[in-house]
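These are the residues of each chain, in order.
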Amino acid sequence: MRHLLCLLLVFGWTSTALRIAASSPRQRVIKLVAGGGVPEVPWASNYKKSEITALWGALKRCCGGSDEAARQAVSQNSQVICPVYATPELLTQTNDALVKLVGKKEALQILIMNPMVLTCGAVGLATQKPADIRSAAQARQVVDRLATPTGLVSSLVALGLLRVAYLVAIVN
């Protein structure tokens, strides 16, 4: 979806991009599902509840058992508990590798900024520099904030103002 919006914007179809963005807002509200406290995510009906529950449990363990921290991570990117991207083992092994690289406290901060870091795999993550992992998590968090209808409109307004300033500068 984001790629489509970017292409539409690149080719000047701003009104179409805005219409699409406005019609498909990101769901950031995380609701409790009866029994187990697993967050309700928009794609949950496509998978077995037991798979999502197992991933939720693994994510909570990666967050030091904190329900609140795990909810923040899911709010940032709900795909982290999607069975197509992860298994409980993958989340756990990758988290162990991340903790080894940056320590427990910083690992939690990184996974809240970019929970999908847990889907990278321990081997892939172990080959990265801690500074690169931090930078990627921060960049992803910024992109996720901008890739909402509100963020998209703000970005378009800023780009429009820059274009006007550029045109004024060339004329003068």
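Scroll up a little and you will see the structure.
The structure contained in this document is the topic of the report that follows. In this numbering scheme, every chain counts its residues from 1 along its sequence in written order. For a predicted model such as this one, the threshold for reporting local features is a pLDDT of at least 70, and the threshold for listing and counting side-chain atom pairs is 80 or more; totals across whole chains, interfaces and linings nevertheless cover every residue. Hydrogens are left out, water is left out, and the side-chain values use all remaining heavy atoms of the structure.

1. A closer look at the nonpolar core
Then, number 1: Ranked by internal contacts, the top residues of the largest apolar core, which has 33 residues, are L59, I81, L91, L98, I110, L111 and V117.
Then, number 2: Among the elements of the structure, α3 (49–62), α4 (67–76), α5 (88–102), α6 (104–113) and α8 (130–146) are those that each provide at least two residues to this core.
Then, number 3: A per-element tally of this core places α3 first, with six residues.
Then, number 4: If sequence neighbours within four positions are ignored, I110 has contacts with L98, V102, V117, I133, R134 and A137. To form a nonpolar core, buried Ala, Val, Leu, Ile, Met, Phe, Trp, Tyr and Cys residues must be joined to one another through side-chain atoms within 4.5 Å. A 1.4 Å probe rolled over the protein chains alone gives each residue an accessible area, and that area as a share of the maximum for its type sets the label: buried under 20%, exposed over 50%, partly exposed in between. Put simply, DSSP marks the helices as runs of H or I at least four residues long and the strands as runs of E at least two long, and each gets a number from the N terminus on. The contact criterion used is simple: two residues touch if any of their non-hydrogen atoms lie within 4.5 Å.

2. Some thoughts on the environment of N46
Then, number 1: Considering the arrangement of structural elements, one finds N46 in the loop between β2 (39–40) and α3.
Then, number 2: Taking the C-alpha atoms as reference points, N46 and C82, separated by 36 residues in sequence, lie 9.6 Å from one another.

3. Focus: the pattern of salt bridges
Then, number 1: Between Lys or Arg on one side and Asp or Glu on the other, a salt bridge is scored when a side-chain nitrogen of the former is within 4 Å of a carboxyl oxygen of the latter. Applying the stated rule across the entire model yields three salt bridges.
Then, number 2: Each member of the salt-bridge network shares a partner with another, and the members are K60, D67 and R71.

4. Considerations on the environment of A97
Then, number 1: Following the sequence through the fold, A97 ends up in helix α5.
Then, number 2: Between the C-alpha atoms of A97 and A126, which are 29 residues apart in sequence, the distance is 6.2 Å.
Then, number 3: Non-local contacts of A97, meaning those with residues more than four positions away in its chain, are made with A122 and L125.

5. Quick word on the side chain of N95
Then, number 1: Within the secondary structure, N95 sits in helix α5.
Then, number 2: Judged by relative accessible area, N95 falls into the buried class, the value being 7%.

6. Overview of α5
The periodicity of an α-helix, 3.6 residues per turn, causes residues three or four places apart in sequence to face the same way.
Then, number 1: Any helix carries an expected span of 1.5 Å times its number of residues minus one. Taking 1.5 Å of rise per residue, the 15 residues of α5 would be expected to cover 21 Å, and the 21 Å separating its terminal C-alpha atoms lies within 8% of that figure.
Then, number 2: Among all positions of α5, only L91, T94, N95, A97, L98 and V102 are buried. The buried residues of α5 all sit within an arc of 165 degrees when viewed along its axis, so they share a single face.
Then, number 3: Looking at the packing, one finds that the buried side of α5 touches α3, α6, α7 (122–126) and α8.
Then, number 4: Looking one or two places after α5, you find G103, whose phi comes out positive at around 90 degrees. What the arc measures is the spread of directions leading from the helix axis to the C-beta atoms.

7. Considerations on the packing of α5 against α8
Then, number 1: Closest axis-to-axis distance for the α5/α8 pair is 10 Å, and the angle between their directions is 115 degrees. Remark: the crossing between α5 and α8 carries left-handed chirality. Packed against α5, whose contacting residues are L98, L101 and V102, the element α8 presents P130, I133 and R134 at the interface.
Then, number 2: Here the nonpolar group is Ala, Val, Leu, Ile, Met, Phe, Trp, Tyr, Cys and Pro; Asp, Glu, Lys and Arg are the charged ones; every other residue, Gly included, is treated as polar. For the contact of α5 with α8, the residue count by class is five nonpolar, no polar and one charged. In this analysis an axis means a line fitted to C-alpha atoms, helices contributing only their contacting stretch, and an angle means the value between N-to-C directions, from 0 to 180 degrees. Crossings are assigned a handedness: left-handed for a near helix turned anticlockwise from the far helix by less than a right angle, right-handed for a clockwise turn.

8. So, the packing of α3 against α4
Then, number 1: Put simply, α3 and α4 touch, their axes get as near as 8 Å, and they point 115 degrees apart. It follows that α3 is roughly perpendicular to α4 by the angle criterion. The way α3 lies across α4 gives a crossing that is right-handed. Facing W56, L59 and K60 of α3, the residues of α4 in contact are D67, A70, R71, A73 and V74. When describing relative orientation, an angle under 35 degrees is termed roughly parallel and one over 145 degrees roughly antiparallel, while 65 to 115 degrees is termed roughly perpendicular and anything else oblique.

9. Considering α6
Then, number 1: Within the sequence span of α6, burial applies to E106, A107, I110, L111, I112 and M113.
Then, number 2: In this structure, the buried residues of α6 make contact with α3, α4, α5 and α8.

10. Things to note about the environment of I112
Then, number 1: Along the chain, I112 turns up in helix α6.
Then, number 2: I112 gets classed as buried once you look at its relative accessible area, which sits at 18%.
Then, number 3: In sequence terms I112 and A70 are 42 residues apart; their C-alpha atoms lie 7.7 Å from each other.
Then, number 4: Among residues more than four places away in sequence, those in contact with I112 are A69, Q72, A73 and Q76.

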